[in-house]
Amino acid sequence: MKDVIADNVNWNSWLDKYVDQSILKGEYDLMVDDLGNNIYEFPLFTEKFCEDIINLAKKEDKWTEERHANYPTNDVLLTDINMQTAYQVVLNTVVYPLCVHLWTLEGKGWATMESENFLARYTTHKQSHLSLHHDFSHITMVVKLNDDYEGGGTWFPKYKTLSNPKRIGTATLHPGMVTHLHGARPIYSGERYICVSFMRKVNN
């Protein structure tokens, strides 16, 4: 039986079911919270999306541990669970236009960024945290997929800012590469699931 979340037959119905409708309609200035220092939070996915993609990742069970050489995470590429196409539709429809709006980005390349998208898992017995690092991205997005854990969040020591959204489906955007050193704070119970996108401009 085909997983409905990976079904891309009718994108309008898929977006209605899985994406926050206010952000989908472009209500950026109403829905985005500015944490300061170019760190933003906004509602992106519904709780149903978060539940379904976690269940899909668990069912496919294609987790890796050494995909990133310097700062490896316990993760799975969305391509490996048949979610890349659907996720790319959300990036193209919502996230890239939002990035252009927030940072007043110029040039066609920002609307057609390439993105490495993966689902990461933090557990108390395997990997509870991630050390401070820079991302290989121009812009990074982290989406909170569940809340049945304690601790966690993304810590930016230079700005003394912790992004640890209360609501499932909330996304955080921040610049990558050089300005936003960050790490994942440890969890103390449960399992933490997030979706991560390393977005890079490749065209002028």
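Colleague: What am I meant to see in the packing of helix H1 (residues 11-18) against helix H4 (residues 47-60) here?
Modeller: Packed helix pairs are characterised by how far apart their axes lie and by the angle those axes make with each other. One can describe the packing of H1 onto H4 by two numbers: an axis separation of 7 Å at closest approach and a directional angle of 100°. Taken as axis vectors, H1 and H4 run roughly perpendicular relative to one another. Contact residues: H1 offers Trp14, Lys17 and Tyr18, while H4 offers Lys48, Phe49 and Asp52. Class assignment for the residues of the contact of H1 with H4 results in three nonpolar, no polar and three charged.

Colleague: Explain the pairing of strand E2 (residues 39-43) to me, please; I cannot follow it from the model alone.
Modeller: Regular strands show a simple pattern: their side chains alternate between the two faces of the sheet. Counted residue by residue, E2 has four buried out of five residues, so it is predominantly covered. One ladder, built from three bridges, connects strand E1 (residues 33-36) with E2; its direction is antiparallel. Residue pairing for E2: Gly36 is matched across the bridge by Ile39. Hairpin connection, E1 to E2: the antiparallel pair is bridged by two residues, and Asn37 has positive phi, about 55°. Relative to strand E10 (residues 170-175), E2 runs antiparallel, the two being bridged by four bridges. Across the sheet, residue Phe42 finds its bridge partner in E10, namely Ala171.

Colleague: What am I meant to see in the pairing of strand E12 (residues 187-200) here?
Modeller: Most of E12 sits inside the fold, with ten of its 14 residues counted as buried. Pairing of strand E4 (residues 114-123) with E12 involves ten bridges; the strand directions are antiparallel. Opposite Phe118, over in E12, you have Val196 as the bridge partner. Examined bridge by bridge, strand E6 (residues 139-144) and E12 share six bridges and lie antiparallel to one another. Looking at the pairing, Val142 lines up with Val196 of E12.

Colleague: What's the story with unusual backbone geometry in this structure? I'm lost.
Modeller: If a residue is not glycine, its phi is most likely negative; likewise, a peptide bond is most likely trans. In the Ramachandran plot, Asn37 falls in the positive-phi region, its phi being about 55° despite a non-glycine side chain. You can see Asn37 is positioned in the loop between E1 and E2. Under the relative-accessibility criterion, Asn37 is labelled partly exposed at 40%. One non-glycine residue, Met177, lies in the positive phi region at around 65°. Here Met177 lies in the loop between E10 and strand E11 (182-184).

Colleague: Hey, could you run me through the pattern of salt bridges in this one?
Modeller: Side chains that carry opposite charge are capable of pairing whenever their charged atoms lie near each other. The full count for this structure, using the stated rule, is four salt bridges. Note that Lys62 and Glu60 form a salt bridge whose closest N and O atoms lie 3.9 Å from each other. A relative accessible area of 41% means that Lys62 is categorised as partly exposed. Its relative accessible area of 29% is what places Glu60 among the partly exposed residues. With its nearest N and O atoms 2.9 Å apart, the salt bridge here joins Lys126 to Glu65. Of this pair, Lys126 sits in the loop between E4 and strand E5 (130-133) while Glu65 sits in the loop between H4 and strand E3 (75-77), and the two are 61 residues apart along the sequence. With relative accessibility at 44%, the residue Lys126 sits in the partly exposed group. The partly exposed category is assigned to Glu65, whose relative accessible area is 46%.

Colleague: What's the story with the packing of H1 against helix H5 (residues 84-103) in this structure? I'm lost.
Modeller: Between H1 and H5, the shortest axis-to-axis distance is 11 Å and the interhelical angle comes to 75°. Classified by the angle their axes make, H1 and H5 are roughly perpendicular. Here H1 contributes Trp11, Trp14 and Leu15 to the contact with H5, which in turn contributes Thr85, Ala86, Val89 and Val90. Of the residues assigned to the contact of H1 with H5, the class counts are six nonpolar, one polar and no charged.

Rules used in this analysis
Residues numbered from 1 in each chain as written. Predicted model: local features only at pLDDT ≥ 70, side-chain atom pairs only at ≥ 80, totals over all residues. Heavy atoms only, no water. Axes fitted to C-alpha atoms, helices over the stretch in contact; angles between N-to-C directions. Helix = DSSP H or I, 4+ residues; strand = E, 2+ residues; numbered from the N terminus. Parallel < 35°, antiparallel > 145°, perpendicular 65-115°, else oblique. Contact = heavy atoms within 4.5 Å. Nonpolar A, V, L, I, M, F, W, Y, C, P; charged D, E, K, R; others polar. Buried < 20%, exposed > 50% of the residue type's maximum accessible area, 1.4 Å probe, protein only. Pairing = 2+ DSSP bridges. Salt bridge = Lys/Arg side-chain N within 4 Å of Asp/Glu carboxyl O.

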